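Listed below, chain by chain, are the residues.
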Amino acid sequence: MAASRGVTVFRLPPLPTIGEVIKLFKLKAVKQLSQNFLLDLRLTDKIARSAGNLKDAHVCEVGPGPGGITRAILNAGVAELLLVEKDPRFIPGLQMLSEAAPGKVRVVHGDILTYKLGQAFPNHLIKNWEDDPPDIHIIGNLPFSVSTPLIIKWLENISKRDGPFRYGRTQLTLTFQKEVGEVDVTVVHFTPLVQPKIEQPFKLVEKVVQSVFQFRRKYCHHGIRILFPEATRLEKAEQMLMLADVDPTLRPTQLSMFHFKNLCDVYRKMCDEDPSLFAYNYREELREKRRKKSNFKRTSDDDLI
Ligand code: SAM
């Protein structure tokens, strides 16, 4: 601890640098696992600062690796830091960091996709959804292959107010890298809204958005069509776009939140009118068609023998 202007500031004791930790524990980044490590202190500090004021906060860092961002988070004066790391090679280095900040760090060897973050923090931190966010943050620099399913899982958790959002509007600070080894990282800070922009069930919103982006370079009507069985596809897609007041020749990336809201609201009405519609799955229909086609081919081949 160090005192500055009467305020007690936490400082980690002198430790080997992250570069030295990597050498000490022979922590080679595994390219197949999209691992790459942030060694630049300005960058790791910037990521921790992007989370906001972490003084006395309860933080979970996902995928800490050799611990560069971890040190920046600890130096921000957090009350508690939970580290969830999947790769066992990093655990000894993280334990060393935990000993340097006694009583503050919990190291978990686990997978963040299955780890129960909804039970990770004390109940007294729980806030009402409408209140200011709780003093809980999730921070991480993860590969795209993990952060994409994770974000989708967390968006569903937000809609149900469970998992890490059982505590209220828990904030997320995540970095995104286009390519492994790319130095420029984008830091994105999320705070869940009190009122969602689209007031429909998560699975419905997910289905509409996924279908629209199925053909991301084409006009959006291509994606809308696959929400409907083949027999009524063209007519229903046209009806949906018209009722939602969406120009069918816009590309998916040109659609605004307002467009998506209208599309989801209209699709919801159509599903209410035809209860079998929501269960319709374009991919399954395609698979079934292919299966029938290959069965037919096999039968005809057999007939030939
Ligand atoms: N945070 C470190 C940094 O910035 O230097 C390491 C970043 S590296 C891109 C991603 C880290 O996430 C690795 O340590 C990897 O083992 C870990 N990881 C990958 N998938 C994970 C998962 N499902 N759960 C927990 N950790 C994971």
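Above this text is the structure in question.
Residues numbered from 1 in each chain as written. Predicted model: local features only at pLDDT ≥ 70, side-chain atom pairs only at ≥ 80, totals over all residues. Heavy atoms only, no water.

Novice: Any chance you could break down the site of the ligand for me, citing the residues and the numbers?
Specialist: Around the ligand, 22 residues are found, and the nearest of them are Leu 38, Gly 63, Glu 85, Asp 111 and Asn 141. One of the backbone nitrogen or oxygen atoms of Gly 65 is found 3.5 Å away from an oxygen atom of the ligand. Coverage of the ligand by the protein amounts to 97% of the 590 Å² it exposes when considered alone. A per-class count over the shell around the ligand returns 10 nonpolar, seven polar and five charged. (Near = heavy atom within 4 Å. Polar contact = N/O pair within 3.5 Å; in protein donor to acceptor, adjacent residues only side chain to side chain. Areas by Shrake-Rupley, 256 points an atom, 1.4 Å probe, with all protein chains shown as cover. Nonpolar A, V, L, I, M, F, W, Y, C, P; charged D, E, K, R; others polar.)

Novice: Explain the packing of aromatic side chains to me, using residue names and the numbers behind them.
Specialist: All told, the structure shown has six aromatic pairs when counted by the stated rule. Considering the side-chain rings of Phe 37 and Phe 90, the 5.5 Å spacing of their centres and the 90° angle between planes classify their relative orientation as edge-to-face. Placement of the pair is Phe 37 in the loop between α1 (18-24) and α2 (41-50) and Phe 90 in the loop between β4 (80-85) and α4 (91-100), with a sequence separation of 53 residues. Among the residues examined, Phe 90 registers a relative accessible area of 2% and is labelled buried. (Phe/Tyr/Trp six-rings, centres within 6.5 Å; stacked < 30°, edge-to-face > 60°. Helix = DSSP H or I, 4+ residues; strand = E, 2+ residues; numbered from the N terminus. Buried < 20%, exposed > 50% of the residue type's maximum accessible area, 1.4 Å probe, protein only.)

Novice: Requested: an account of helix α6 (residues 202-212), with residues and values cited.
Specialist: Think of an α-helix as turning once every 3.6 residues; residues three or four places apart then point the same way. Within α6, eight of the 11 residues are buried, leaving the element largely enclosed by the surrounding structure. Within the span of α6, buried status applies to Phe 202, Leu 204, Val 205, Glu 206, Lys 207, Val 208, Ser 211 and Val 212. The secondary structure elements touched by the buried residues of α6 are α5 (144-160), α7 (220-225) and α9 (257-273). (Contact = heavy atoms within 4.5 Å.)

Novice: Tell me what's going on with the nonpolar core, and back it up with residues and numbers.
Specialist: Among the nonpolar cores identified, the biggest contains 29 residues, and Leu 54, Val 59, Ile 73, Leu 74 and Ile 139 are the most heavily contacted of them. The set of elements that each furnish at least two residues to this core consists of α1, α2, α3 (68-75), β4 and α4. Among the elements that take part in this core, α3 stands out by supplying four residues, more than any other. Core analysis: the next-biggest nonpolar cluster, separate from the first, contains 24 residues, Val 208, Val 212, Leu 255 and Val 266 among them. (Core = buried A, V, L, I, M, F, W, Y, C linked by side-chain atoms within 4.5 Å.)

Novice: Report on the pattern of salt bridges, specifying residues and quantitative values.
Specialist: In total, this model carries 13 salt bridges according to the counting rule given. For Asp 56, the salt bridge identified is with Lys 55, shortest N-O distance 3.5 Å. Classification of Lys 55 by relative accessible area gives partly exposed; the value is 36%. Here Asp 265 ties to Lys 261 by a salt bridge, and the two come within 2.7 Å at their closest N and O atoms. Here Asp 265 and its partner Lys 261 are both found in helix α9, four residues apart, which amounts to about one turn of the helix. The exposure class assigned to Lys 261 is partly exposed, which follows from its relative accessible area of 29%. Three or more residues are tied together by salt bridges with common partners; here these are Glu 156, Lys 160, Lys 203 and Glu 206. (Salt bridge = Lys/Arg side-chain N within 4 Å of Asp/Glu carboxyl O.)

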